[in-house]
Each structure stands twice: as C-alpha cells, then as structure tokens.
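Fold and contact review
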Amino acid sequence: MPKIVFMLLLCLLLAGCEAVGRGIAAELLDESRSVEKSGRCVVTGYRVPGTESHLHPGETVKILMIHGIGTHSPGYSLLLQENLAKNLGLNVMSRTGRNIGLRSPEDPQTALGNLRVTFLTDEKGEKRILFYELTWSEITRPQKELLAYDYSSLYADRRVVFNRMMKQFLDLKAKHPDAVMLFRCGDFYETYSTDAIIAAEILGITLTKRANGKGKTIEMAGFPHHALDTYLPKLIRAGKRVAICDQLEDPKMTKKLVKRGITELVTPGVSINDNVLNYKENNFLAAVHFGKTGCGIAFLDISTGEFLTAEGPFDYVDKLLNNFGPKEVLFERGKRGMFEGNFGNKFFTFELDDWAFTETSSREKLLKHFETKNLKGFGVEHLKNGIIASGAILQYLDMTQHTQIGHITALSRIEEDKYVRLDKFTVRSLELIGSMNDGGSSLLNVIDKTISPMGARMLKRWMVFPLKDEKPINDRLNVVEYFFRQPDFKELIEEQLHLIGDLERIISKVAVGRVSPREVVALKVALQAIEPIKAACMDADNASLNHIGEQLNICQSIRDRIDREIDNDPPLLINKGGVIKSGVSAELDELRRIAYSGKDYLLQIQQRESELTEIPSLKIGYNNVFGYYIEVRNTHKDKVPAEWIRKQTLANAERYITQELKEYEEKILGAEDKILVLETQLYAELVQSLSEFIPAIQINANQIARLDCLLSFATAARENNYIRPVIADDDVLE
C-alpha cells in the first residue's frame, strides 16, 4: 500500500476513534467510501462501549476492525497502535512484537494493559484482516492482575483456520459479534469457540472439539434443529442475544458450500417464541431517547403488535419503565451513565448508534411503516421525543431481521391524564403485583380470575394504571354488576371464553408467517366462540356491553374457509403433511390417491391387463434398475401386446414396461414430495388471506380481554363477598 494512502486511512481511523460516542459514525463511513474506491482498504466497523468516549479499567474493548487488500508491515501496525494509544490519552510503556504496553499518564509506573493487533489471512492468502484489542489491567482490584482477551469476535482467535465453512461462519458472526450464533449444519444447530463454551454451560449440552486445520481444534457444541424451541428460551432467559443462522438452500440441490444467512436475531425484548414468552404478561421492548427538554419513551410487544409512546420528565419515564417492565431497553450509545443514573441498572439494555435516534430517520421510518403522510391520526404528532424513541424501535427490528411486522397497525399515546401515576415504591408497598413477603399474596393474585391470556395481560396493566375519572370507573362497575344480576349471561360468557386461546399472539404469528396449522384451527374455534358472545352483548341491557358487541367481528368468511380447508386435527408443522382437507384440490387428492393407494392401483392394472391378454400368471413388480415392470412367464410370451417394451430376459420369464407404468412410476415416486409442496402452497395462500383480517381480529382480542377482566372482577367479588364501591368526587372520608 502506498504510504500516502495508508496515512490517509490512519487519519480517518484516528478521527473515528476520537469521535466515538459523539455521533459521527455516519460521517466516518461516508469518508471510508472514498477510500474504498481506490480498491485498497476500507473501514467496516468499530465499537467503543462505555460512557461517552471514556474507557474504564476492567473493560475489554474492541477498538476497530479493518478489511483490506495488500500487505501491512509490522512497522505500520505498531505506528497505528502508538497513535491509537495517544489518542486515548495513554502513554506507550513498552513494545513487544505486535503488543504495546500502556501506562497511565498520571502514574508512569502503573501498567494499564496492552494494545494488541491481530492479522489473519483467508484461504487464498489475499485478504488481510487487521483487528485491534485493548485489554485493561485491573488496577482497582489487585487480585485480578490482568483481564483475559475478549474473544467475542472470532476474528481475534488465532486458532481459527479459514476453510470455506469457517470463513462463512466468521463473516456471518462479524455482523453480530455480541450474539451467540446458532449455525445450521445439516440436522443440527452448532456453536463454535466462545459461543460453544457459553452454550454448553447454559444449555447443559456436551462441549466437544472440531478439527480445524493441521493439529488445531476449536470448541464446538450443538443440538438437533428440531429442539430449537427447547434450547432457545434458555439462552434468552440467560440474557443472551441469539443469532439464528439457517441454510438458505436445499443441500441436495447444490454441490457447492450451502448458502447460509442470519434469518433472525432473537433478544430478550424481541421474540415470538411461545416457550420464551409468559402468556400472563407482555414482552415489551422499550426505547428511551434523551432530548433537550425531556425524555421520550416507546414500548413495543412484537408478540401482540401493541405499540405505545409517551414523553415527559425523567421521573415520569421511570414510572413507565417500572410499570411496563420491559424485557429489553434501547438507548443511544455512550449514554449509559445518563440512563443508569436516572433509571438504575436492573434492565437488560442495548446501545444503538446515534443515527438511530434522529427525528428525521425516526419519522420517515414510522410514516413508511404505517403508510401515512403524518402521525396526527395516532395523536402523537406533537411528541417529538416519543417519535424518536418509536422510530428507534422500528430501526432495531430491521437490525434483528424482524421485517414482517404487518400486525403493528397503530402507534398509541399513553394518556397519562387518564391514570393515577404510580411509582415503583407505591406499587411495591401496596403489593399490587408481587408480595413483599415470601409466600405472601399480591392484590393481583387475589382478583385475577381471568380465563384468556389476553385478559390476564390486560388485568396486570389495569393494576398499575388505575383510572382516576369517575365515569369510566362506574362504566366498569356497571358491567360487573350486570354479571351479578344476570347469571345466565355470566355463564354463557364464561363458557365461550374457555374456547378462546391467545387470539392476540396467534394473529401476530400470522403477520410474521409463523403460525402453525394447529394455531389456525385454534383461531377458527375462537372466532366461532365470539359469535354467541357478540349476540349476548348486543342483547344486554348495558351500554358498555353493547359497545363491546358492536366492536366484535366474527370474520365469517375466513372462519368458514379455515373450516373447509384445514383438517380439524392437523399436525403441529406443515411439513408433516395431512393439513389440507380432501376436496380442496383435485390435484392434491389425486397425488394422495397415488401415494397412499399405490398397491390398490397396481392391482387394478394387473387384473385389467391379465384379463385383456388372457395371461393368468401376469404380475407387476419393481426394481431399482428400470422401475415398475410386468413379468410374463415364457409359456405366455406369445400373448404379449406389441406396444409392450421388453426390458429383461430371465430363465423362465420376460419383463416388460408400458407407457402407462412409466407415467404412473413418475407420479408415485414424486407424489409425496409434490404433496408437501402443494399443501405448503395451499396453506400459505390461506395464511395470506388470513393476514387481511389482522386489524379486525386484534380488535376482537382487545374487547375479549376487556370482557374477561370485568368477568374476573365479578368472580372475585362473589368469592370474597365484595360489594360495589361508591365513587364520590369529594375529599370527605366516612
């Protein structure tokens, strides 16, 4: 590389390190493109976590990574290290090979750690990867003299040999170096190196080693691909981010390395896996934006499609964070100190680059998703900080490969004026959600008699967001009283609610294309159960119940289509077959007849040909050489029709094939594969049609949840002999 080009790159790198945490990531990448045109070297990424741009003892930090073509001499690499060290406010203490010792400017005798550079070449020896690691000594705790190197990126692992599959793995791993990557190999998901060590410890699976070049091995641990739903939740509950890397093509259809790609990044706040989720609580992802005049916050439960936003002072946002209890919180990189100073450190957090928290990009992201010209219809147009936080959440969904989000149909404002603001100390002292004593019971435990998962989640929300206006409180109490006075109505609603599953999360799976055949049948049953509920509410002598009845939509057309096309007891997975009913597709019925009634069909041909040729000993057989054949003993070979083709001569018989047998053979051999393809196609068409009913079914889920909560109040009141309270708008206590 010419010295002038290298020095230009050096200036860019040092500028990048100087500005990390102050928001010029986009500018650095823009500058790098001009370098890329020279075909020599390009900055592809960097990361310096921590408060602002400061680094602390005890942190192991990857400074930056460069992909380049050409040769970098040790002299240049040491020069880069020296300049990086000085740029971080450190002094060079010593040099050994490719490591540079660092010392404190305040105390030259104290060793802070090492700045290390690693070179790796690919299998052709053409591309060199330059990777910097800064490892701090632990100077505040003498018992830990030196931290181990951070191998979260395998590019820093000298043991990795660049064969084709490992290079593919490394390229994909580099996209999400902080996530555990499940790498699909045949029928298994494999993990390698430090990922394998982490997975083996959390999942309790065997840690083995894989040969990786001459005399080298690398850690490996894996599990069968069909056990993903068993093992994935364990990693998520352990606070790990998991990148799922799948095979993007059928291995049978290629002679080259199977194409693979990351199909999903699962995090504690972004999951639709039933085994990860708790059916009684929402799984919220939150984003916090620190504005100049206030703080914006947004919440999204991707499993239900609920999307909320608000803004206000830090104490209000703190109450929202504690009341919603998000499983993951996003904020701008470099602002950890500000976040933890205001909201504590109990949340699982993730930092996004500053460009994700700009008003322009956030507004564009929201308008594009909702396909609107402005956000006035959602009542959030004036919430600048809330809009920025909401846009950051959509940006994060893109980053984590969650792009099928058609079930997120609205952005709602958290109307703080309607509710009593409860801080975390009040919620805890009143034991609303949990008890302060071991074995104790909370208020939620006492009054939660809900039947549906949607009702349980809504009741928990009602507990921490109590109403403060008299009219909506009395509207709820009127419905509870109606349940008391109309036992037949209460019994009907209770009976039908038991038939309704998690309508909210099932319809969300429709949007992301992950709904199973059994869940589609459960959706049909739920829609059937809604019909008598709607009729009963419409006939009730109560305005709130009448309103609920008007909102409910039985979605009869799609309900009837599911009933016509999907088997009443289908398998869990579409690839097991037997999902589509008979009579839906003539082609499918014919393929099933061929595949599963083959012997009967062959016997019919054998009997027919035997009668036509008057050969009683004629029989049909099969071998791997030329497939199905008709065997005729030599005593009858003069009766063989001229159109039969002789394929084999035996001692006492001749074997023939016919055009009919060859056509049947082609059908029967590919029938099962064709059945699966056709069933998958028909099922996908049904799911696509079902997606058109997402908004209506989401409204159904919300109204059913509301009805379930009010029924729960009535049930708890009867069991505990509660009486209706009287709401008085005064300050007198009697």
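Everything below is about the structure printed above this text.
Residues numbered from 1 in each chain as written. Predicted model: local features only at pLDDT ≥ 70, side-chain atom pairs only at ≥ 80, totals over all residues. Heavy atoms only, no water.

**Here's the deal with the pairing of strand β11 (residues 242–247)**
To keep things clear, this is the line we draw: Partly exposed describes any residue whose relative accessible area lies between the buried limit of under 20% and the exposed limit of over 50%, with all areas from a 1.4 Å probe on protein chains only and scaled to the type maximum. By the criteria applied, helices consist of DSSP H or I runs no shorter than four residues and strands consist of E runs no shorter than two, each listed in order from the N terminus. Should DSSP find at least two bridges between two strands, the strands are regarded as paired.
Most of β11 is tucked away: six of the six residues are buried. Taking every second residue as pointing to the same face, both faces of β11 are buried, with Val242, Ile244 and Asp246 on one and Ala243, Cys245 and Gln247 on the other. Relative to β11, strand β7 (residues 180–185) runs parallel, the two being bridged by four bridges. Note that in β11 the partner of Val180 across the bridge is Val242.

**Examining the side chain of Ser452**
Put simply, the rule is: In this description, contact between two residues means that some pair of their heavy atoms is separated by no more than 4.5 Å.
The residue Ser452 is located in the loop between α12 (443–447) and α13 (453–464) in this model. A residue is classified by how much of its surface remains accessible, and Ser452, at 1% relative accessible area, is buried. Ignoring any residue separated from it by four or fewer positions in sequence, one finds Ser452 in contact with Ile500 and Asp708.

**With respect to the side chain of Glu306**
Using the following cut-off: Whenever a nitrogen or oxygen atom comes within 3.5 Å of another N or O atom, the pair is scored as a polar contact, on the condition that within protein one atom can donate a hydrogen and the other can accept it, and that pairs from neighbouring residues in sequence are kept only if both atoms are in side chains.
Checked against the element boundaries, Glu306 lands in strand β15 (residues 306–312). Within polar-contact distance, the side chain of Glu306 engages the side chain of Arg461 at 2.8 Å. Every residue in contact with Glu306, bar those within four places of it in the chain, is listed here: Asn282, Phe284, Phe299, Leu300, Asp301 and Arg461.

**Topic: the packing of helix α16 (residues 503–512) against helix α17 (residues 517–539)**
So the rule is basically this: Geometry is summarised by axes, namely lines fitted to C-alpha atoms with helices restricted to the contacting stretch, and by angles between N-to-C directions that run from 0 to 180 degrees. If an angle is under 35 degrees, it is roughly parallel; if it is over 145, roughly antiparallel; if it lies from 65 to 115, roughly perpendicular; otherwise it is oblique. In this scheme, a crossing is called left-handed if the near helix is turned counterclockwise away from the far one by less than a right angle; it is called right-handed if the turn is clockwise. For this classification, Asp, Glu, Lys and Arg are treated as charged, while Ala, Val, Leu, Ile, Met, Phe, Trp, Tyr, Cys and Pro are nonpolar and the rest, including Gly, are polar.
Following both chains from N to C, one finds α16 and α17 inclined at 130°, their axes separated by 10 Å at the closest point. When the axis of α16 is compared with that of α17, the two are oblique. As α16 packs across α17, the resulting crossing turns out to be left-handed. The residues of α17 that touch α16, namely those facing Leu503, Ile506, Ile507 and Lys509, are Glu519, Ala522, Leu523, Ala526 and Ile530. Across the contact of α16 with α17, the residue classes break down as seven nonpolar, no polar and two charged.

**With respect to the pattern of salt bridges**
Cut-off, in case you're wondering: Any Lys or Arg side-chain nitrogen found within 4 Å of a carboxyl oxygen on Asp or Glu counts as a salt bridge.
As enumerated under the stated definition, the model contains 39 salt bridges in all. Lys335 is paired through a salt bridge with Glu332; the nearest N and O atoms lie 3.5 Å apart. Since its relative accessible area comes to 14%, Glu332 is described here as buried. With a shortest N-O distance of 3.3 Å, Glu340 and Arg336 are connected by a salt bridge. Note that Glu340 and Arg336 are positioned in helix α8 (residues 336–343) at a spacing of four residues, about one turn of the helix. Overall, Arg336 belongs to the partly exposed group, its relative accessible area being 26%. Bridged by salt links that share partners, the residues Glu359, Arg363, Glu381 and Lys384 form one connected network.

**Some details on the packing of aromatic side chains**
Note the threshold: Here a Phe, Tyr or Trp ring, Trp counted by its six-membered ring, pairs with any other such ring whose centre lies within 6.5 Å, and the pair is stacked when the planes are under 30 degrees apart, edge-to-face when over 60, and tilted otherwise.
Summed over the entire model, instances satisfying the criterion amount to 24 aromatic pairs. Aromatic pair Phe284 and Phe324: ring centres 5.3 Å apart, planes at 85°, arrangement edge-to-face. Of the two residues, Phe284 sits in the loop between β12 (260–266) and β13 (285–290) while Phe324 sits in helix α7 (residues 314–324), which places them 40 residues apart along the sequence. The exposure class of Phe284 is buried, given its relative accessible area of 1%. Note on Trp462 and Phe713: the rings are 6.0 Å apart at their centroids and 40° apart in plane angle, and the pair reads as tilted. Residue Trp462 is located in helix α13, and its partner Phe713 is located in helix α23 (residues 694–720); the two are separated by 251 residues in the primary sequence. According to the relative accessible area criterion, Trp462 is buried, its value standing at 13%.

**So, the sheet that holds strand β14 (residues 295–301)**
The six strands are arranged β17-β16-β13-β14-β15-β18 in an open sheet whose pairing can be described as mixed. On the outer flanks of this sheet lie β17 (349–352) and β18 (412–413), each paired with one strand and no other. Here three bridges tie β13 to strand β16 (residues 328–332), and the two strands are oriented parallel to one another. If you follow Leu285 over to β16, its bridge partner there is Glu328. Along the sheet, helix α10 (residues 384–399) makes contact with β13, β14, β15, β16 and β17, crossing β14 at roughly 40°.

**A closer look at the nonpolar core**
How we decide: Among the buried residues, those of types Ala, Val, Leu, Ile, Met, Phe, Trp, Tyr and Cys that are joined through side-chain atoms within 4.5 Å form a nonpolar core.
Judged by nonpolar contacts, the single largest core of 106 residues is most densely connected at Leu321 and Ile500. By residue number, the principal contributor to this core is α23, which donates twelve residues. With sequence-adjacent residues up to four places away left out, Leu321 is seen in contact with Ala286, Val288, Ile297, Phe299, Pro326, Val329, Phe339, Phe343 and Phe347. If you look at the next biggest cluster of nonpolar residues, it comprises 31 residues, including Val270, Leu285, Ala287 and Ile387.

**Observations regarding the environment of Gly239**
In this structure, Gly239 sits in the loop between α6 (228–237) and β11. Counting along the chain gives 109 residues from Gly239 to Phe348, while the straight-line C-alpha distance between them is 7.3 Å. Here Gly239 is in contact with Pro268 and Phe348, once residues within four sequence places are set aside.

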